[in-house]
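Residue-level structure breakdown
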Amino acid sequence: MRKLIERMNAGVVEEQKSQRKAGAKDGKKKWLFKRGGGSAKDDKAAAEEEEVDGMRQPVRQLDRVHIAPSFTCLLLDWIEDSILERSRRLREAKDVYASSHRSNGQITLSWLISQIRKLVVASQSWFVVSVVGAGIGINAAIISIITEWLSDIKMGYCSDGWWLNQQFCCWELDGDEDSACESWHFWSNVSLARWFIYVLFAATFSFVASNLVRSLAKYAAGSGISEIKCILSGFIMEGFLGFWTFLIKSLTLPLVIASGLSVGKEGPSVHVACAVGNLVAGIFSRFSRSQSKMRDILTAASAAGVAVAFGSPIGGVLFSIEEMSPSFNIKTMWRSFLCALVATVTLSAMNPFRTGGLVLFQVFYDRDWHFFEIMFFVILGVFGGLYGAFVIKFHMQVASFRRKHLGKHGVAEVVTIATITAMIGYFNRFLRIDMTESMAILFRECEDGGDFEHLCQTSAQWRMVNSLLLATFIRTLLVIVSYGCKVPAGIFVPSMAIGATFGRMVGILVKALYRAYPTSGIFAVCQPDVPCITPGTYAFLGAAAALSGVMRITLTVVVIMFELTGALTYILPTMIVLLVTKAVGDVLGVRGIAEETIRFNGYPFLEKDDHVYDAPVSRVMRRDIYTLRATGMTLADVENYLDAAKVQGFPIVVDDETRTLAGYIRSQRLRRTIDQARQIRDLPPDTLCTFSPDPSEQPDARWSAIDDDENMESNVLYAVSAPGILKLWPWINQTPLTVSSKLPLEVVMQLFKRMGPRVILVEDFGVLVGLTTVKDVLHLEPLEQLNSPIIAWNNRGALDGALEELWTWLADVRSSTNAWFSRVSRRRR
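A brief structural summary. Note that the structure is predicted; figures quoted are calculated from it, not measured.

1. Considering the nonpolar core
Judged by nonpolar contacts, the single largest core of 139 residues is most densely connected at Val-132, Ile-136, Phe-443 and Ile-491. Ranked by residues supplied to this core, first place goes to helix 19 (residues 492-516) with 12 residues. Not counting residues within four places of it along the chain, the set of residues in contact with Ile-491 comprises Val-391, Val-479, Tyr-483, Val-550, Met-551 and Ile-593.

Structure, rendered in structure tokens:
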């Protein structure tokens, strides 16, 4: 134990020393460059290097981008995608104009077809958005129904129909779960047997869910919000929004929630909704070939996912604006609103809870609040900020420990946590029931059927305070270790449940204070014949504070809470609580848990916040890069470059001496064009490749074949039209985004955020001097963070040392136990 305490105390100091040493080493490292050929030692060194967009970068221990092996580490070029989309629109407009022009002002069949085509194209986006919203609503309703049944089946069954949960079996039931009707039968009347069956069901549900995820769809694990944010910013993850991910996540999500794990379904609902959007939109070529249009559909789908999770269509739209999408326009906002509206209408039509509400914890308040309660609301806001900082900090350290030691034991980890959660939670009335049901109980007013297990009784108030405090503490620890397991897991509802238990506890204490001192000055505004304190509102505000603290969002939470209650009077208290929560989080320097997960996984994602770096782009640009000459290269030379340089693209220069920039071409497009040309004509290795247009031969030098996939064959025929020459210039981006090497790094980051290029070329007076990508700026620490005296909550510290020491101790115990059994078995022989 003494060794463990010493390790905990020295954890922060050791980590800071290691980071300073690594930072000093990184500052001395230089870019490596290698053009091919070398010894085995050189090959080994090359294996430790990473090639991205035209050069090789030495992989550093602290700055390394950790990408899962099955992910496709590619970034979309939004500028190029916009150019391609513009070319398609112009081509379609010319076709429509040609059809209309041939009619000479008369109504002909071709004119009618052109008008119908225009109508179909204009309405296709709205049709797809509506279908996606309907699919999301249906899927959400089915998941809610199955989840409620599986959560109740752990306690008993309905004799009238095995498919009925406790609420439907006992329609008039409202109160204690033990006061069931005659049709509902518990598995046993013995408390110990009932506890054992409860734990057995929890372990079984978690085992089935984790095995399905591990075997069929690994992308179904986790929340998915962090990855969706990266996808919307242009990070390609093949299969993350595929059919199997959608199916397995939809099937396992009810099992995970019913198992009792301290995770929610709201975050995974966004992932499932985006998968529905991707599958539906992928059917239409207009969206499958345009990444910008697909991004609009995914943004709208994410809004619908939040809308059905909380019954809040406007809150879903704000969530997609505030949290998900890196760029947002009015057209996308309207599509998001339509998708969220259709999804919530569909969910309301299916009415999964048979109460008319979209979610189980929807509540309405008919009493107002008092100004003296603001000081208690501030306490809830402070709790939300501290809770978010605590959970985010220690969850990331648990995630680091999980990656290091538990990567191959995902199923065992999930089953163990679920079993422990069930064993502990069964004995606490607020941990035993489902979290959404718990919030529904805690949000209610006492006069509206909210007296769950004497929750509103004065004689039991201190027992309830103890139970609520214990539930808050235990669930916080369970959320830290449960979120991030290899099953679908969200953190929205668990955080709200924690805030609700803490808020209800504060509400009971304030109510007890009022009853003890009813004539005090602060309670002078209370009317004697009307309840002065409503503890349910404190639970409601505490849930909002905890959600805002862990996700670091404000406006979205205000609107969601308003739509949940429909009470305008509680908008001001909600805003006060969330502003205090945000202030506490800002003081502690906390990012949202989604951003921290992105940083932990090393995804190439730039934050929305602007930072000061006090450095030009020349500090991070890559100077030694692969380039292709505009003229004078043979086909063999080009293919050697493609084989030797595993890069995403090549800058085109006029010649190697002057290095005058002429354009940029992607490796994938260059290789595909060469393969297509070989299918049409035999190309010897000495075929000359030209990357610059010939004005005398091509009158319109601005013509481009980059996006003309429909006429690919005719374009390739033009490329091989001249004997002994392969014309590759039509596939070159002749206007790549370039900046000066003296441009401040902050401006370059704004270009990456707002315009979305994959690579920015750096030139001085027309001469290519380097290039930079998003990954080049991710490892830099902003100047204000380096000089900040605030506690670095994202640094690893004492908990890492404790976990490492605990893991070592468990390994020693296992080794000692195995040795003891071996000695005993040998003695018996």
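2. Points about the sheet that holds strand 7 (residues 628-629)
Taken in spatial order, the three strands of this open sheet run 7-9-10, and their pairing is mixed. Edge positions in the sheet fall to strand 7 and strand 10 (661-666), since each has one partner strand and no second. Strand contacts of helix 25 (residues 667-680): strand 7, strand 9 (649-653) and strand 10, with the helix running at about 75° to strand 10, the strand carrying the most contacts.

3. Side note on the sheet that holds strand 12 (residues 725-727)
Read across the open sheet, the three strands follow the order 8-11-12; overall the sheet is mixed. Where the open sheet ends on each side, the last strands, each with one partner, are strand 8 (633-634) and strand 12.

4. Concerning the pattern of salt bridges
Considering all chains together, one arrives at 11 salt bridges under this definition. Ionic pairing is found between Glu-445 and Arg-367, a salt bridge with its closest N-O pair at 3.7 Å. Highlighted residues: Glu-445 in the loop between helix 17 (435-443) and helix 18 (461-482) and Arg-367 in the loop between helix 13 (330-350) and helix 14 (374-405), separated in sequence by 78 residues. Arg-367 sits in the buried class, given a relative accessible area of 16%. Between Lys-582 and Asp-586 there is a salt bridge; the shortest N-O distance is 2.9 Å. Here the residue Lys-582 and the residue Asp-586 both occupy positions in helix 22 (residues 571-588), the gap between them amounting to four residues, near one helical turn.

5. What to know about the packing of aromatic side chains
In the structure shown here, the tally under the stated rule is 24 aromatic pairs. Ring centres of Phe-319 and Phe-492 lie 5.9 Å apart, and the angle between their planes is 75°; this geometry places the pair in the edge-to-face category. One end of the pair, Phe-319, is in helix 12 (residues 313-324); the other, Phe-492, is in helix 19, with 173 residues separating them in the sequence. Each member of the pair, Phe-319 as well as Phe-492, is classed as buried. Aromatic rings pair up to connect Tyr-157, Trp-187, Phe-201 and Phe-205 into one cluster. Over the face of the ring belonging to Phe-394 we find Lys-393, whose NZ or CZ atom lies 5.8 Å from the ring centre.

6. Some points on the pairing of strand 9
Each regular strand shows side chains that alternate between the opposite faces of the sheet. Summarising burial for strand 9: five of the five residues are buried, a large majority. Of the two faces of strand 9, the one holding Gly-649, Pro-651 and Val-653 and the one holding Phe-650 and Ile-652 are both buried throughout. Pairing analysis gives two bridges linking strand 7 to strand 9, with the strands arranged parallel. Counted as the bridge partner of Leu-628 is Ile-652 from strand 9.

7. A look at the packing of helix 11 (residues 291-310) against helix 13
One can describe the packing of helix 11 onto helix 13 by two numbers: an axis separation of 8 Å at closest approach and a directional angle of 40°. With respect to each other, helix 11 and helix 13 are oriented oblique. Viewed along their axes, helix 11 and helix 13 form a crossing whose handedness is right-handed. Only Thr-332, Arg-335, Ser-336, Cys-339, Ala-340, Ala-343, Thr-344 and Leu-347 of helix 13 make contact with helix 11, whose side of the interface consists of Asp-296, Thr-299, Ala-300, Ala-301, Ala-303, Ala-304, Ala-307 and Val-308. Looking at side-chain class alone, the contact of helix 11 with helix 13 contains 10 nonpolar, four polar and two charged residues.

Rules behind the numbers
Residues numbered from 1 in each chain as written. Predicted model: local features only at pLDDT ≥ 70, side-chain atom pairs only at ≥ 80, totals over all residues. Heavy atoms only, no water. Core = buried A, V, L, I, M, F, W, Y, C linked by side-chain atoms within 4.5 Å. Buried < 20%, exposed > 50% of the residue type's maximum accessible area, 1.4 Å probe, protein only. Helix = DSSP H or I, 4+ residues; strand = E, 2+ residues; numbered from the N terminus. Contact = heavy atoms within 4.5 Å. Pairing = 2+ DSSP bridges. Axes fitted to C-alpha atoms, helices over the stretch in contact; angles between N-to-C directions. Salt bridge = Lys/Arg side-chain N within 4 Å of Asp/Glu carboxyl O. Phe/Tyr/Trp six-rings, centres within 6.5 Å; stacked < 30°, edge-to-face > 60°. Lys NZ or Arg CZ within 6 Å of the ring centre and 35° of its normal. Parallel < 35°, antiparallel > 145°, perpendicular 65-115°, else oblique. Left-handed = near helix turned anticlockwise from the far one by under 90°. Nonpolar A, V, L, I, M, F, W, Y, C, P; charged D, E, K, R; others polar.

Function cannot be inferred from these measures alone, as they are strictly geometric.
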